[in-house]
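Each chain, written out:
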Amino acid sequence: MSDKIALKNALISVYHKEGLEPIVRQLVRHGVNIYSTGGTQTYLEELGATVLRVEDLTGYPSILGGRVKTLHPKVFGGILGRRELADDLLQLDEYEIPQLDLVIVDLYPFEDTVASGAAEEDIIEKIDIGGISLIRAAAKNFKDVVIIPSKDQYTALGGILEHGAETTLAQRKAFATAAFAVSSHYDTAIHGHFSGGSFAHREVGTKVLRYGENPHQQGWFHGDMEALFDQVHGKELSYNNLLDIDAAVNLIADFTEPTFAILKHNNACGLASRATLAEAYGAALAGDPVSAFGGVLIANREVDAATATAMHDLFFEVIIAPSYSNDALEILKQKKNRVILIQKPCAFPDRQFRTLLNGVLEQDRDLSTQSASDMRPVTTEVPTQRELADLVFANKLVKHTKSNTIVLAKDGQLLASGCGMTSRVDALRFALTKAKSFGFDLNGAVMASDAFFPFPDCVEIAGNEGICAVVQPGGSIKDKDSIDYCNAHGIAMVMTGVRHFKH
């Protein structure tokens, strides 16, 4: 038995009319009855086609400013009626519902309207209801109905109509597959708008990377790097480069004064804020000149010749900055594989996604950054202005460091951090050892923790090393133990009430 179905009745309701004329002329040539409404009906009649009005079929005019036109049993019954079921055919006859064999529809331009900066009420009006319902209904009943969900399928339909007004099951299923892709993308775009620009709905390109995290893993990047950066020199970015670049741009965004950061494995090994960028680089490098080898560097000011000269002898993978002087570029380009990126102003998604198990986790990005006014003193000793500035600096950094983490800072410079530890005490001990190994004087330094102290051991250890002020979120049932120790030893402690886990 043939799976071919002849096209006898078509419903056409489109927003964009471009490319429709050849299809209409072929349908007319094959004697297919055409149902339509509104602006599409007018367009078809101007082409000379005889059009059966949807309003005459349903007995209802277009209402509510055009919001309701095709949403009626006499339309959807004709689409969803199953031709192989006798009961369905009897009901179609009983209610005088024509069998619709072809549905041509496209959707209101929701994404274009959003992109145009239109008012919210105009965006809402471009959420298609009737069109998306027609697409889903016709695609669901692909055994009997052809669905053309956008002008992208006009060419394929035109090719079929050149040989007659009938389709095969395989052709109908192919059109249905395309239809569900259209409806899925459309609904995801709407969800993205309502949820604040979720990355999931964006149209992205795919770039094949040399490999993934390790050479035996394949890697891809799905996104638009050209919207974020201009790469003016160097080799192709790797999977691991991209991870570090992501960490770097998120970190530097929290600093307004001239700041330089050096990252390895998504954590800052050097960070400093100074009056000039060259000074900031020097202080950042001093934080850990060993780990800086092969790192990713980022600045929030133009890289000048002095900074480039200071950087040039260090082997690093990537440098990111908003701009570079001509002299700086001439210096930096002397290493052929060194990647030089110019960061463009760009809004980043406010959602994060991570695949795990058999699904995906989604969460809001951590956009909470605490200023001096957010730091509540809980000890008798209160931080000095210098200490408070360092606490703000350290707390920004702790937010962007893998948990469990402790950050030690002094005079706008990262002295050391313990990151990714299973114990906060271990994180502190590691940071202290590292800071002393590079010759830093910890007297007068401050300590930041990503989460509360369940016991007073961290403040005890830090106090014995000369740490003078501490910032932590608080919230432990034993907060008082840490506060009491600080009070007894003249250490200032502030709490923010905001935890900054990062895994």
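For the structure itself, look to the data block above.
Summarised in this report is the structure supplied together with it.

Analysis parameters
- Residues numbered from 1 in each chain as written.
- Predicted model: local features only at pLDDT ≥ 70, side-chain atom pairs only at ≥ 80, totals over all residues.
- Heavy atoms only, no water.
- Helix = DSSP H or I, 4+ residues; strand = E, 2+ residues; numbered from the N terminus.
- Pairing = 2+ DSSP bridges.
- Axes fitted to C-alpha atoms, helices over the stretch in contact; angles between N-to-C directions.
- Buried < 20%, exposed > 50% of the residue type's maximum accessible area, 1.4 Å probe, protein only.
- Right-handed = clockwise from strand over helix to strand, strands pointing away.
- Arc of directions from axis to C-beta.
- Contact = heavy atoms within 4.5 Å.
- Parallel < 35°, antiparallel > 145°, perpendicular 65-115°, else oblique.
- Left-handed = near helix turned anticlockwise from the far one by under 90°.
- Nonpolar A, V, L, I, M, F, W, Y, C, P; charged D, E, K, R; others polar.
- Disulfide = S-S within 2.5 Å.
- Core = buried A, V, L, I, M, F, W, Y, C linked by side-chain atoms within 4.5 Å.
- Patch = residues over 30% accessible without salt bridge, like charges linked within 9 Å, V, L, I, M, F, W, Y side chains within 5 Å.
- Areas by Shrake-Rupley, 256 points an atom, 1.4 Å probe, with all protein chains shown as cover.
- Salt bridge = Lys/Arg side-chain N within 4 Å of Asp/Glu carboxyl O.

Examining unusual backbone geometry
Here's step 1: With an omega of -10°, the peptide bond running from Ser403 to Asn404 counts as cis.
Here's step 2: Mapped onto the secondary structure, Asn404 falls in the loop between helix 16 (385-399) and strand 19 (406-410).
Here's step 3: Even without a glycine there, the phi angle at His265 is positive, about 50°.
Here's step 4: Note that His265 resides in the loop between strand 11 (259-264) and strand 12 (267-273).
Here's step 5: The backbone of Asn266 shows a phi angle near 75°, a positive value even though the residue is not glycine.
Here's step 6: Here Asn266 lies in the loop between strand 11 and strand 12.

Focus: the sheet that holds strand 4 (residues 51-53)
Here's step 1: With parallel pairing, the 5 strands of this open sheet are ordered in space as 4-3-2-5-6. Each end of this open sheet is capped by a strand with a single partner; those strands are strand 4 and strand 6 (146-148). Taking the axes of each pair of neighbouring strands and ignoring which way they run, one obtains an average angle of 25° across the sheet.
Here's step 2: Taken together, the 3 bridges between strand 3 (residues 33-36) and strand 4 define a ladder with parallel strand orientation. Residue pairing across strands places Tyr35 opposite Leu52, the latter belonging to strand 4.

Points about the pairing of strand 23 (residues 492-495)
Here's step 1: Burial of strand 23 is two-sided: the residues Ala492 and Val494 facing one way and the residues Met493 and Met495 facing the other way are all buried.
Here's step 2: Where strand 22 (residues 469-472) meets strand 23, 4 bridges bridge the pair, whose relative direction is parallel. Bridged to Ala469 within strand 23 is Ala492.
Here's step 3: At this point the chain moves from strand 22, through helix 19 (residues 479-489), to the parallel strand 23, and the crossover so formed is right-handed.

Focus: helix 19
Here's step 1: Among the residues of helix 19, those classed as buried are Asp479, Ser482, Ile483, Tyr485 and Cys486. Along the long axis of helix 19, the arc covered by the buried residues comes to 160°, so they all point the same way. The exposed set on the far side of helix 19, more than 90 degrees from its buried face, consists of Lys480 and Ala488.
Here's step 2: On its buried face, helix 19 sits against helix 18 (457-464), strand 22 and strand 23.
Here's step 3: Positive phi shows up at Gly490, right after helix 19, with a value of about 70°.

Structural notes on the environment of Ser195
Here's step 1: Position of Ser195 among the secondary structure elements: in the loop between helix 10 (169-194) and strand 8 (205-208).
Here's step 2: Remark: the alpha-carbon pair of Ser195 and Arg351, spanning 156 residues in sequence, is separated by 9.0 Å.
Here's step 3: In contact with Ser195, other than residues within four places in its own chain, are Asp350 and Arg351.

Notes on the pairing of strand 19
Here's step 1: Most of strand 19 sits out of view: 5 of its 5 residues are buried.
Here's step 2: The alternating pattern of strand 19 places Ile406, Leu408 and Lys410 on one face and Val407 and Ala409 on the opposite face, and all of these are buried.
Here's step 3: Counting the residues that bridge the hairpin from strand 19 to strand 20 (residues 413-418) gives 2 residues, and of these Asp411 lies at a positive phi of roughly 55°.
Here's step 4: In this sheet, strand 21 (residues 446-449) lies alongside strand 19 in antiparallel orientation, the contact comprising 4 bridges. Residue pairing across strands places Ile406 opposite Ser449, the latter belonging to strand 21.

Digging into the environment of Pro349
Here's step 1: Structurally, Pro349 can be placed in the loop between strand 15 (339-343) and strand 16 (351-356).
Here's step 2: Separated by 90 residues in sequence, Pro349 and Thr259 have C-alpha atoms that sit 23 Å apart.

Here's the deal with the packing of helix 13 (residues 277-287) against helix 14 (residues 305-312)
Here's step 1: Contact geometry for helix 13 and helix 14: axes closest at 8 Å, N-to-C directions at 20°. Classified by the interaxial angle, the pair formed by helix 13 and helix 14 is roughly parallel. Here helix 13 runs over helix 14; the crossing is right-handed. Residues Leu277, Ala278 and Tyr281 of helix 13 form the contact with helix 14, whose participating residues are Ala306, Thr307, Ala310 and Met311.
Here's step 2: For the contact of helix 13 with helix 14, the per-class residue count stands at 6 nonpolar, 1 polar and no charged.

Considering the state of the cysteines
When the sulfur atoms of two cysteines share a covalent bond, that bond is a disulfide.
Here's step 1: The tally for this structure, following the rule as stated, stands at 0 disulfides.
Here's step 2: Lacking any disulfide linkage, Cys468 is separated from the closest cysteine sulfur, that of Cys486, by 11 Å.
Here's step 3: By relative accessible area, which is 16% here, Cys468 ends up buried.

What about the nonpolar core?
Here's step 1: Grouped together as the largest cluster of nonpolar side chains are 51 residues, with contacts concentrated most on Leu20, Leu27, Ile104 and Ile147.
Here's step 2: Not counting residues up to four positions away in its chain, the partners in contact with Ile147 are Val103, Val105, Leu134, Ile135, Ala138, Ala139, Phe175, Ala176 and Ala179.
Here's step 3: Core analysis: the second largest hydrophobic core is formed by 41 residues, Ile245, Val249, Leu251 and Val318 among them.

Remarks on the packing of helix 8 (residues 130-140) against helix 10
Here's step 1: With their axes 9 Å apart at the nearest point, helix 8 and helix 10 run at an angle of 145° to one another. Between helix 8 and helix 10 the crossing geometry is left-handed. On the side of helix 8, the interface is formed by Ile132, Ile135, Arg136, Ala139 and Lys140, while helix 10 contributes Ala176, Ala179, Phe180, Val182, Ser183, Tyr186 and Asp187.

Concerning a nonpolar patch on the surface
Here's step 1: A contiguous nonpolar surface patch, about 340 Å² in accessible area, is contributed by Leu356, Leu357 and Leu361.
Here's step 2: Judged by relative accessible area, Leu361 falls into the partly exposed class, the value being 47%.

Structural notes on the pattern of salt bridges
Here's step 1: Per the counting criterion, the structure on display carries 15 salt bridges.
Here's step 2: The residue Asp101 makes a salt bridge to Arg83 at a minimum N-O spacing of 3.4 Å. Taken as a pair, Asp101 in the loop between helix 5 (86-94) and strand 5 (102-105) and Arg83 in the loop between helix 4 (73-80) and helix 5 lie far apart in primary sequence, 18 residues in all.
Here's step 3: Judged by relative accessible area, Asp101 falls into the buried class, the value being 5%.
Here's step 4: A residue is classified by how much of its surface remains accessible, and Arg83, at 16% relative accessible area, is buried.
Here's step 5: Connected through shared salt-bridge partners, Arg351, Glu362 and Asp364 make up one network.

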